[in-house]
Amino acid sequence: MVNDEFDNMDIHFMKLAIGQAKKAAKINEVPIGCVIVYDGKIIGRGYNRRNTDKTTLGHAEITAIKKASRYMQDWRLEGCTLYVTLEPCQMCAGAIIQARIPRVVIGSMNSKAGCAGSVLNILQMPQFNHQAEVVRGVCEEQCSTMLSSFFKELREKKKILKEKALAESSDADNNQGFINR
Ligand SMILES: [Zn+2]
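Keep in mind that what you see is a predicted model, and the values were worked out from it rather than measured.

(A) Geometry of helix 3 (residues 60-72). Helix length check: helix 3 (13 residues) gives 18 Å between terminal C-alpha atoms against 18 Å at 1.5 Å per residue, within 8%. Among the structural elements, helix 1 (8-26), strand 1 (33-38), strand 2 (41-47), strand 3 (80-86) and helix 4 (90-98) are those in contact with the buried residues of helix 3. Trailing helix 3 by a residue or two, Gln73 shows a phi angle of about 55°, which is positive.

(B) Quick look at the UniProt feature "active site" (unreviewed entry) in the chain. Sites flagged by UniProt as "active site" (unreviewed entry) map to Glu61. With respect to the element layout, Glu61 can be found in helix 3. Owing to 28 C-beta atoms within 10 Å, Glu61 belongs among the buried residues under this scheme. The contacts of Glu61, once residues within four sequence positions are left out, are Cys34, Gly46, Leu82, Val84, Pro88, Cys92, Ala95 and Ile96.

Calculation criteria
- Residues numbered from 1 in each chain as written.
- Predicted model: local features only at pLDDT ≥ 70, side-chain atom pairs only at ≥ 80, totals over all residues.
- Helix = DSSP H or I, 4+ residues; strand = E, 2+ residues; numbered from the N terminus.
- Expected span 1.5 Å × (residues − 1).
- Contact = placed C-beta atoms within 7 Å.
- UniProt positions renumbered as here; feature names shortened; annotations may be inferred.
- Buried ≥ 20, exposed ≤ 12 C-beta atoms within 10 Å, placed from the backbone.

Structure, rendered in C-alpha cells:
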C-alpha cells in the first residue's frame, strides 16, 4: 500500500532523522539519517558512516535496525515505523523486509538507486512474505536540499583543492627551473 498521508508525528520524527543526517554531514559523509519508532518512542538511530567506518554496512538504516533489534531483543521489528531521509537502497530495503518492519516513511526519493519505488520496490513485492506500508515525501524539500547542498559544497571543496594542487605544482616547476640554473 502506498500511502501519501502523514501526520504531525511523522513530520516530528522525520525532523529527528534529519538531525541524524546532519551528524553524517559533520564528518563529511553523505547526509542520510534514520530513526526507528516504537510506541511513540525512538528505539534506534543511525546515520551514514560508510566512509568513516570503511564498510558498506555503514548505512543509516542498518545501524538503526541493529540498535532497534537490541532494544526489542528480537530481530523482528513488528509494530515499528522506520523514518529515513532518503529512499532506501537495495540492501537496506532488504533488511527492512527481513526485519518485518510494517511502515516506512521516506523523505526524498532517489531516482538512481532507490528501492522503495524508484529503481525497484523491494518494500512492496507481492512475491515476498512481507510488505511494508510506504509513505513518501515527508519533509521532502528539506531532505533533498540537505543532499544537494552537501554535494555542491563537496564540488566546491574539490575545486579549491585542485586549484591549490595546480598552483603548488607550478611553484614546484618554477623551483625546479631555479635549481637547474
Ligand atoms: Zn542503504
